[in-house]
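Residue-level structure breakdown
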Amino acid sequence: MTISVRKLTSRIGAQITGVDLSAPLDRETVATIRQALNAHKAIVFDGADLDQQGQERIAGYFGDLTAAHPTVPAAEGSAAVLAVDSAQSKANQWHTDVTFVINPPAISTLRSITVPPYGGETLIADAAGAYHDLPPGLRELADGLWAVHSNDYDYAVPPETLTDHQKAYNDTFTSTVYETAHPVVRVHPETGERGLFIGGFVRRLVGLSATESRDLLRLLQAYVTRPENILRWSWSPGQLLIFDNRITQHYAIDNYDDQPRRLERITIAGDVPVSVGGTQSYVITGDSSHYSSIAESRAA
């Protein structure tokens, strides 16, 4: 079959057909998929019907796999798989995966296993489109800002509303606290694009008060979540979604009542983010070397 790449929105997302993910992929096919990911930031395959080992194999074409998570235990069957299960938690907050470590994952892969009969979509936002939309003065300000990311973040949920199970999950999530300073504007290591590298794990902006940080982050985040920048993906069983974690944010919509929803995530090791001025991110607290190797940065 001929590989086809069909855009899903003008700014972000593409659907790929003509690739048999159940079989090993040749170099030309992998290169085409990587090019599509760089161009569209999120790509989806229907009818992938992969198991954990198949998902690991596909993820491995993009680089070294990370552990499932720095603090949350892996899913049964693979040290690289994180269960994204509504029975444990619902990630209904805009975020980029694991930005609280020095080298957040470059790429995330999500495989659908159990999907609710309605709702449960995943939103993916184009952080490069958001940066492009900034007025020149605000863009210049953002270029020089740095943000502290932490897994000990504001869950935006009153603690008294949490079940014992949810509290236990949150305790596990923060069992080791990580804090890392990243540039608010990150330069993509392969494409050279600039994108807003913020999201739910940001605690504050370096050198600014809590109030100043909150107001500026709210303003910048509003550009990320403009409807024009968002792909809204409705899941079917057996799909594979791959997105570039270096230049996107995502949000799992909690609009499916108490229906079961389960995906499995595998992430690929990333490089250390670099600012517009060429300065790398730095660790404030927490050693994440057990979680991920550091990928070599590729020149744009």
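Calculation criteria
- Residues numbered from 1 in each chain as written.
- Predicted model: local features only at pLDDT ≥ 70, side-chain atom pairs only at ≥ 80, totals over all residues.
- Heavy atoms only, no water.
- Core = buried A, V, L, I, M, F, W, Y, C linked by side-chain atoms within 4.5 Å.
- Buried < 20%, exposed > 50% of the residue type's maximum accessible area, 1.4 Å probe, protein only.
- Helix = DSSP H or I, 4+ residues; strand = E, 2+ residues; numbered from the N terminus.
- Contact = heavy atoms within 4.5 Å.
- Expected span 1.5 Å × (residues − 1).
- Arc of directions from axis to C-beta.
- Polar contact = N/O pair within 3.5 Å; in protein donor to acceptor, adjacent residues only side chain to side chain.
- Axes fitted to C-alpha atoms, helices over the stretch in contact; angles between N-to-C directions.
- Left-handed = near helix turned anticlockwise from the far one by under 90°.
- Nonpolar A, V, L, I, M, F, W, Y, C, P; charged D, E, K, R; others polar.

**Observations concerning the nonpolar core**
Counting residues in hydrophobic clusters, the biggest one holds 25 residues, and the most contacted among them are Leu-21, Ile-33, Ile-43, Phe-45, Leu-240 and Ile-242. No other element matches the four residues that helix H1 (residues 27-40) contributes to this core. The residues contacting Ile-242, other than those within four sequence positions of it, are Leu-37, Lys-41, Ala-42, Ile-43, Phe-45, Ile-58, Phe-62, Ile-107, Ser-108 and Thr-109. Counting 23 residues, the second-largest nonpolar core is a separate cluster that includes Trp-94, Ile-198, Tyr-223 and Ile-253.

**Considerations on H1**
Since the α-helix advances by 3.6 residues per turn, residues separated by three or four positions end up pointing in the same direction. Look at H1: 20 Å from first C-alpha to last across 14 residues, which is about the 20 Å you get at 1.5 Å a residue. Three or more residues of H1 are buried, namely Thr-29, Val-30, Ile-33, Arg-34, Ala-36, Leu-37 and His-40. Here the buried residues of H1 occupy an arc of 160° about the axis, which is enough to place them on one side. Opposite the buried face of H1, by more than 90 degrees, sit the exposed residues Arg-27, Glu-28 and Gln-35. Where H1 begins, the capping side chain belongs to Asp-26, and its oxygen is found 3.2 Å from the backbone nitrogen of Glu-28. Looking one or two places after H1, you find Lys-41, whose phi comes out positive at around 70°.

**Some thoughts on the packing of helix H4 (residues 136-143) against helix H6 (residues 210-224)**
The geometry of H4 relative to H6 is characterised by a closest axis approach of 12 Å and an angle of 115° between their N-to-C directions. The handedness of the crossing between H4 and H6 is left-handed. Along the contact surface, H4 presents Leu-138, Leu-141 and Ala-142, while H6 presents Leu-216, Leu-219, Leu-220 and Tyr-223. For the contact of H4 with H6, the class distribution of residues is seven nonpolar, no polar and no charged.

**A look at the side chain of Arg-111**
Within the fold, Arg-111 resides in strand S5 (residues 107-114). Owing to a relative accessible area of 8%, Arg-111 belongs among the buried residues under this scheme. Of note is the side chain of Arg-111, whose polar atom sits 2.8 Å from the backbone oxygen of Leu-50. Reaching out from Arg-111, the side chain makes a polar contact with the side chain of Gln-55 at a distance of 2.9 Å.

**A few points about unusual backbone geometry**
Negative phi values dominate among residues other than glycine, just as trans dominates among peptide bonds. A positive phi angle, near 70°, is found at Lys-41, a position not held by glycine. Turning to its location among the elements, Lys-41 is positioned in the loop between H1 and strand S3 (42-45). A positive phi angle is found at Asp-49, which is not glycine, with a value near 50°. Note that Asp-49 resides in the loop between S3 and helix H2 (52-60).

Nothing here speaks to function; it is geometry throughout.
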